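Descriptive structure summary
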Amino acid sequence: GAGVSQSPRYKVAKRGQDVALRCDPISGHVSLFWYQQALGQGPEFLTYFQNEAQLDKSGLPSDRFFAERPEGSVSTLKIQRTQQEDSAVYLCASVQGSNQPQHFGDGTRLSIL
Amino acid sequence: QKEVEQNSGPLSVPEGAIASLNCTYSDRGSQSFFWYRQYSGKSPELIMFIYSNGDKEDGRFTAQLNKASQYVSLLIRDSQPSDSATYLCAGQGTGNQFYFGTGTSLTVIP
């Protein structure tokens, strides 16, 4: 597609459930980033892939968060045993190369009840 | 200390005025800086990026970078009500991470 595609756009889950968020980057973009954005805040870095390699996962808030990009294209962010504090917008961005800007998807708004 | 700091505002300017948005960063190794605009409920969209010291102009927008002072700014000339949004400053760190500020809320008053 022409842009970064994320699904679902909205996800409501009960506390304790597992969720999976999908990101389909712009074709040919090597790098892929995941961010968490709370209301009124800027995006907070979660993790970063270059092709299929997860080069940095220092932003993942706990071991309940897991991300993968097995074929270097589509990525999935999984959150296990969700908690209310996980409620946020999860943004995915892809980048063509070094020193290039990020292109964001529309995000997934996650609400944990 | 956050890697990128912005004044959260809100900043209000009258239509037609110049809006000035400022950002400081802590990682001296950062090479690239980006300004994004984010409307409420939408994802960030790129306005400008700048790598070199000095000014970079694109239409009504001018980005300014001062690496010695670790300072980045965005000027919006002839501000329009449609410019009302949150403006995010981001820097790309030495580890390829992008660090975002908390954003500055801008309101352009007709």
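Going along each chain's sequence as written, the residues are numbered from 1 onward. Chains carry letters from A onward and ligands carry numbers from 1 onward, assigned in written order. Local features in this predicted model are restricted to residues of pLDDT 70 or higher, and side-chain atom pairs are both shown and tallied only at a pLDDT of 80 or more, whereas totals for entire chains, interfaces and linings draw on every residue. Note that the side-chain values use all heavy atoms of the structure and ignore hydrogens as well as water.

What follows is about the overall build of chain B. Helix numbers and strand numbers start at the N terminus; a helix is a DSSP run of H or I with at least 4 residues, a strand a run of E with at least 2. Scanning chain B for helices and strands turns up zero helices and 11 strands. Ordered by position from the N terminus, the helices and strands of chain B form the series β-β-β-β-β-β-β-β-β-β-β. Atoms considered for the radius of gyration are the C-alpha atoms alone. The globule rule reads 2.2 Å times the number of residues to the power 0.38. Expected size for 110 residues packed as a compact globule is a radius of gyration near 13 Å; at 13 Å, chain B falls within 12% of this value. Think of it in three bands: residues with accessible area under 20% of the maximum for their type are buried, residues over 50% are exposed, and the middle band is partly exposed, with areas taken using a 1.4 Å probe on protein chains only. Looking at chain B as a whole, 44% of its 110 residues are labelled buried. By sequence separation, contacts in chain B at least 24 residues apart represent 53% of the contacts at least 6 residues apart. Carbon and sulfur atoms form 47% of the exposed surface of chain B, whose accessible area is close to 5,000 Å². Under the counting rule used here, the positive set is Lys and Arg, the negative set is Asp and Glu, and His together with the chain ends is not counted. Here the site of a charge means NZ on Lys, CZ on Arg, CG on Asp, or CD on Glu. For chain B, the distance from the average site of its 8 positive side-chain charges to the average site of its 10 negative ones is 4 Å. We call two residues in contact whenever any of their non-hydrogen atoms come within 4.5 Å of each other. All accessibility values rest on the Shrake-Rupley procedure with a 1.4 Å probe; residue burial counts only the protein chains present in the view.

For salt bridges, the criterion is a side-chain nitrogen of Lys or Arg within 4 Å of an Asp or Glu carboxyl oxygen. Tallied over the entire structure, the rule returns seven salt bridges over all chains. Between Asp106(A) and Arg9(A) there is a salt bridge, with the nearest N and O atoms lying 4.0 Å from each other. Here Asp106(A) is found in the loop between β10 (103-104) and β11 (108-112), whereas its partner Arg9(A) is found in the loop between β1 (5-7) and β2 (10-13), with 97 residues between them in sequence. Overall, Arg9(A) belongs to the partly exposed group, its relative accessible area being 36%. Glu57(B) serves as the salt-bridge partner of Arg77(B), at 3.5 Å between the closest nitrogen and oxygen. Remark: Glu57(B) occurs in strand β6 (residues 54-58) and Arg77(B) occurs in the loop between β8 (71-76) and β9 (85-92); sequence separation between them is 20 residues. You can call Glu57(B) exposed: its relative accessible area is 61%.

Let's shift gears to the state of the cysteines. Any two cysteine sulfur atoms lying within 2.5 Å of each other are counted as a disulfide. Counted according to the given criterion, the structure contains two disulfides over all chains. Disulfide pairing places Cys23(A) opposite Cys92(A) at an S-S distance of 1.8 Å. Taking the sign of the torsion about the S-S bond as the criterion, the disulfide between Cys23(A) and Cys92(A), at about -65°, is left-handed. Here Cys23(A), found in strand β3 (residues 19-24), pairs with Cys92(A), found in strand β9 (residues 88-95); they are 69 residues apart in sequence, far enough to count as distant. Cys92(A) gets classed as buried once you look at its relative accessible area, which sits at 0%. Two residues, Cys23(B) and Cys89(B), share a disulfide whose sulfurs are 2.1 Å apart. As the torsion about the S-S bond is roughly -70°, the Cys23(B)-Cys89(B) disulfide counts as left-handed. Placement of the pair is Cys23(B) in strand β3 (residues 19-25) and Cys89(B) in strand β9, with a sequence separation of 66 residues.

Next up on the list: the sheet that holds β3(B). Residues and elements named next belong to chain B. The five strands are arranged β1-β3-β8-β7-β6 in an open sheet whose pairing can be described as antiparallel. On the outer flanks of this sheet lie β1 (4-6) and β6, each paired with one strand and no other. When strand polarity is set aside, the average angle formed by the axes of neighbouring strands in this sheet is 20°. The rule for pairing is simple: two strands pair if DSSP sees at least two bridges between them. Strand direction decides the pairing type here: β3 and β8, joined by six bridges, are antiparallel. The partner of Ser 20 across the bridge, within β8, is Leu 75. Here an angle of 0 to 180 degrees is reported between the N-to-C directions of two axes, which are lines fitted to C-alpha atoms, with helices fitted over the stretch in contact.

Moving on to the side chain of Gln70(B). Residue and element names in this part refer to chain B. Relative to the helices and strands, Gln 70 resides in the loop between β7 (61-66) and β8. A distance of 3.0 Å separates a polar atom in the side chain of Gln 70 from a polar atom in the side chain of Arg 28. If near-sequence neighbours (up to four positions away) are discounted, Gln 70 is found in contact with Cys 23, Thr 24, Tyr 25, Ser 26, Asp 27 and Arg 28. Within 3.5 Å is the distance limit for a polar contact, defined as a pair of N or O atoms, with the added protein rule that one can donate a hydrogen and the other accept it, and that residues adjacent in sequence qualify only through two side-chain atoms.

Attention now goes to the sheet that holds strand β7 (residues 65-68) of chain A. Residues and elements named next belong to chain A. One open sheet holds the four strands; their spatial order is β1-β3-β8-β7, and the pairing between them is antiparallel. Unpaired on one side and paired on the other, β1 and β7 mark the two borders of the sheet. Averaged over all pairs of adjacent strands, the angle between strand axes in this sheet comes to 15°, irrespective of strand direction. Across three bridges, β1 lies against β3 in antiparallel orientation.

A separate point is the nonpolar core. Counting residues in each nonpolar core, the largest one holds 22 residues, and the members touching the most others are Trp35(B), Val72(B), Leu74(B), Ile76(B), Tyr87(B) and Leu106(B). Elements with a contribution of two residues or more to this core: β3, β4 (32-38), β5 (45-50), β7, β8, β9 and β11 (104-109) of chain B. The greatest single-element share of this core, amounting to four residues, is contributed by β3(B). Here the nonpolar core consists of buried residues drawn from Ala, Val, Leu, Ile, Met, Phe, Trp, Tyr and Cys, with membership extended through side-chain atoms lying within 4.5 Å. In this structure, Ile26(A), Ile79(A), Cys92(A) and Ile112(A) belong to the second largest nonpolar core, which totals 20 residues.

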